[in-house]
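Descriptive structure summary
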Amino acid sequence: MSDNARDLVLALAGLVIGAALGWLVRGWLSGRRLRRKQRFFGLPKDSECLLVVPRDAGARGWSLARHDAFSMLELSAVIKECGAHAEVLAHDTAWQGFGARTEFCIGGPQANLRLAAHLRSMLPGVEINTDPAPGPGQSAISVGGETYPLEKGAVEYVLLARLAAARDSGNDRPVFLSSGQVGIANQAAVRYLARHHARLARKYGVDATFCLLLRVVNSQAYGSDVVELVGDVTKAATAGKAALAVGGLSRPDRSPAT
């Protein structure tokens, strides 16, 4: 074999080996990202999760409001990628404990009774005005000594939280809350979670509790696309947090917010 032919064979062999190594590395990195995503969401392959949503107040039967349905579509893509399965429950039929299965709980406390219970037990530093009467304080969110009023169509706020159960309880799957002043804010928060889960996992870890306050800007023009992070309110929101009972929720250590 001539020197040129030998060099050509060696070059081809190097290309094949390099391509194979690149494919293996890419596969390993992709698998690592997926495993980290599954751990952050508490969704290992073939696991089950709950989607707890309010009923559409304007419908006679059991149905979803428009933006709640959009939120479900956002979450469905995450659940499918993790290889998990979902069960959809109305908020007033989800009589199950905390931590046995990953839970995504969507809506405000006035519309989602289970979410209201989660807020009282695990985010007692948050107060949300649930008075249905129109007024400047309607649906206002108070946390950390600040109050964030609703300006419908202009500025709408939503709490996005990941709540982790005690790891030694045996029921250690997280609950994700999206508690918005309006439905479109919940959709925006779920989309934010789906898009930024990797950054959130890097910042807080894959087993942490956090609570973020987000702001949806000019939804009447931009829909749910323009979302700003107001701040991390975890410390203020979890102040006075009640202990979680294994397999369920303990009694809240303060009265419900009004």
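What counts as what
Residues numbered from 1 in each chain as written. Predicted model: local features only at pLDDT ≥ 70, side-chain atom pairs only at ≥ 80, totals over all residues. Heavy atoms only, no water. Phe/Tyr/Trp six-rings, centres within 6.5 Å; stacked < 30°, edge-to-face > 60°. Helix = DSSP H or I, 4+ residues; strand = E, 2+ residues; numbered from the N terminus. Buried < 20%, exposed > 50% of the residue type's maximum accessible area, 1.4 Å probe, protein only. Lys NZ or Arg CZ within 6 Å of the ring centre and 35° of its normal. Pairing = 2+ DSSP bridges. Axes fitted to C-alpha atoms, helices over the stretch in contact; angles between N-to-C directions. Contact = heavy atoms within 4.5 Å.

Tallied over the entire structure, the rule returns eight aromatic pairs. Seen in terms of ring centroids, Phe40 and Phe210 are 6.3 Å apart; in terms of plane orientation they differ by 15 degrees. Their pairing is stacked. Pair noted here: Phe40 is in helix α1 (residues 3-41) and Phe210 is in strand β9 (residues 210-217), with a separation of 170 residues, a long-range link. You can call Phe210 buried: its relative accessible area is 0%. The aromatic ring of Phe40 is capped on one face by Arg162, whose charged end is 5.3 Å from the ring centroid.

A word on the sheet that holds strand β1 (residues 48-53). If you walk across this open sheet you meet the seven strands as β2-β1-β3-β8-β7-β9-β10, and the pairing is mixed. Edge positions in the sheet fall to β2 (85-90) and β10 (227-232), since each has one partner strand and no second. Sheet twist, expressed as the average angle between the axes of neighbouring strands with direction ignored, equals 20 degrees. With six bridges joining them, strand β7 (residues 155-163) and strand β8 (residues 175-180) adopt antiparallel strand pairing. Its bridge partner being in β8, Ala161 is matched across the sheet by Leu177. Contacts from helix α3 (residues 113-122) reach β1, β3 (102-106), β7 and β8 within the one sheet, and its direction differs from that of β8 by about 105 degrees.

Here Gly108 shows up in the loop between β3 and α3. In this structure Gly108 comes out as buried when scored by relative accessible area, which is 5%. Along the chain, Gly108 and Thr130 lie 22 residues apart, while their C-alpha atoms are 8.5 Å from each other. Those residues within four positions of Gly108 in sequence are excluded, and the remaining contacts are Leu115, Ser179, Gly180 and Asn186.

This brings us to the sheet that holds strand β4 (residues 127-128). Taken together, three strands build an open sheet; the order of strands is β4-β5-β6 and the sheet is antiparallel. Because the sheet does not close on itself, it has two edges, and the strands there are β4 and β6 (146-148). For β4 and strand β5 (residues 141-143), the ladder comprises two bridges, and the chain directions are antiparallel. From the neighbouring strand, Glu127 faces β5, where its bridge partner is Ser142.

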